[in-house]
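Coordinate analysis (summary)
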Amino acid sequence: VIWNSSENRYEMWYSASPSYWTTNLRVGFATSNDGISWTKYPGPIFSAGAVVGWQDNHAEVTRSSIGYQMFYSSSSNQMGLATSPDGLIWTASGCAAPLAPAATGWDSQRVGDASVLVSPSGLRTLWYSGRDSTSGTTSAIGRALEFGK
């Protein structure tokens, strides 16, 4: 959830599916003036599966002076990146995944579930979950990168 001071509203992006929760997931959008009562935008606003062959199952959105950035988990166990000027119309990045599983180690099977912390100075830190390919069940949290405003 992000407070948009220029629109004087809260903005929320969420995952939803017309069927079982791990398939055909799409990102929806809702707004609120008070953070309690929400109004959904009609239809999904982003479906990575339709755009780049990935299914999004967790989306983290941040806002900066250049627009919105969405980090999303994928069915290929990587993280994807999409950008938007308004938070409604998204373009999946054509570049390599911003975060992919490591060759070995605690995050060698899967990376995803981004959470971005924005400091008061605008510096962003990306936190994520990872899973070990050896056991397939051991998960941990890591810090991936820091980037500017």
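Structural notes, computed from the coordinates.

Calculation criteria
Per chain, the residues get numbers from 1 upward, laid out in the order the sequence is written. Residue-level local features of this predicted model are given only where pLDDT is at least 70; pairs of side-chain atoms are given and counted only at 80 or more, and the full residue set underlies all totals for whole chains, interfaces and linings. To obtain the side-chain values, all non-hydrogen atoms of the structure were used and water was disregarded. In this description, strands pair whenever DSSP reports at least two bridges between them. Helical segments are the DSSP runs of H or I of at least four residues, strand segments are the runs of E of at least two, and each set is numbered from the N terminus. Whenever Lys or Arg places a side-chain nitrogen within 4 Å of a carboxyl oxygen from Asp or Glu, that contact is recorded as a salt bridge. Think of it this way: a Phe, Tyr or Trp ring, Trp meaning its six-membered ring, pairs with another when their centres are within 6.5 Å, and the plane angle makes it stacked under 30 degrees, edge-to-face over 60, tilted otherwise. Under the scheme applied here, a residue whose accessible area is under 20% of the maximum for its type counts as buried, over 50% as exposed, and between as partly exposed, the area being computed with a 1.4 Å probe on protein chains only.

**Remarks on the sheet that holds strand 6 (residues 67-73)**
Read from one edge of the open sheet, four strands run 5-6-7-8, paired in antiparallel fashion. Here the strands that pair on one side only, and so sit at the sheet edges, are strand 5 (59-64) and strand 8 (91-92). As defined by bridge partners, strand 6 adjoins strand 7 (residues 79-84) across six bridges and the pair is classed as antiparallel. Bridged to Ser-73 within strand 7 is Met-79.

**Here we look at the pattern of salt bridges**
Counting across every chain of the model gives two salt bridges. The salt bridge partner of Glu-11 is Arg-9, with a shortest N-O separation of 3.0 Å.

**Considering the packing of aromatic side chains**
Scanning the entire structure with this criterion turns up seven aromatic pairs. Measuring from centroid to centroid gives 6.5 Å for Tyr-68 and Trp-90, while their planes differ by 70°, and the two rings are edge-to-face. Within this pair, whereas Tyr-68 is found in strand 6, its partner Trp-90 is found in the loop between strand 7 and strand 8, the two being separated by 22 residues in sequence. The pair formed by Tyr-68 and Trp-90 is uniform in burial state, with each residue classed as buried. Every member of this aromatic cluster is reached through a ring pair, and the members are Trp-13, Phe-29, Tyr-41, Tyr-68 and Trp-90.

**Side note on the pairing of strand 5**
With respect to burial, strand 5 is a largely interior element, five of its six residues being buried. Examined bridge by bridge, strand 5 and strand 6 share six bridges and lie antiparallel to one another. In the strand pairing of strand 6, Val-61 is matched with Met-70. Counting the residues in the hairpin turn of strand 5 and strand 6 gives two residues.

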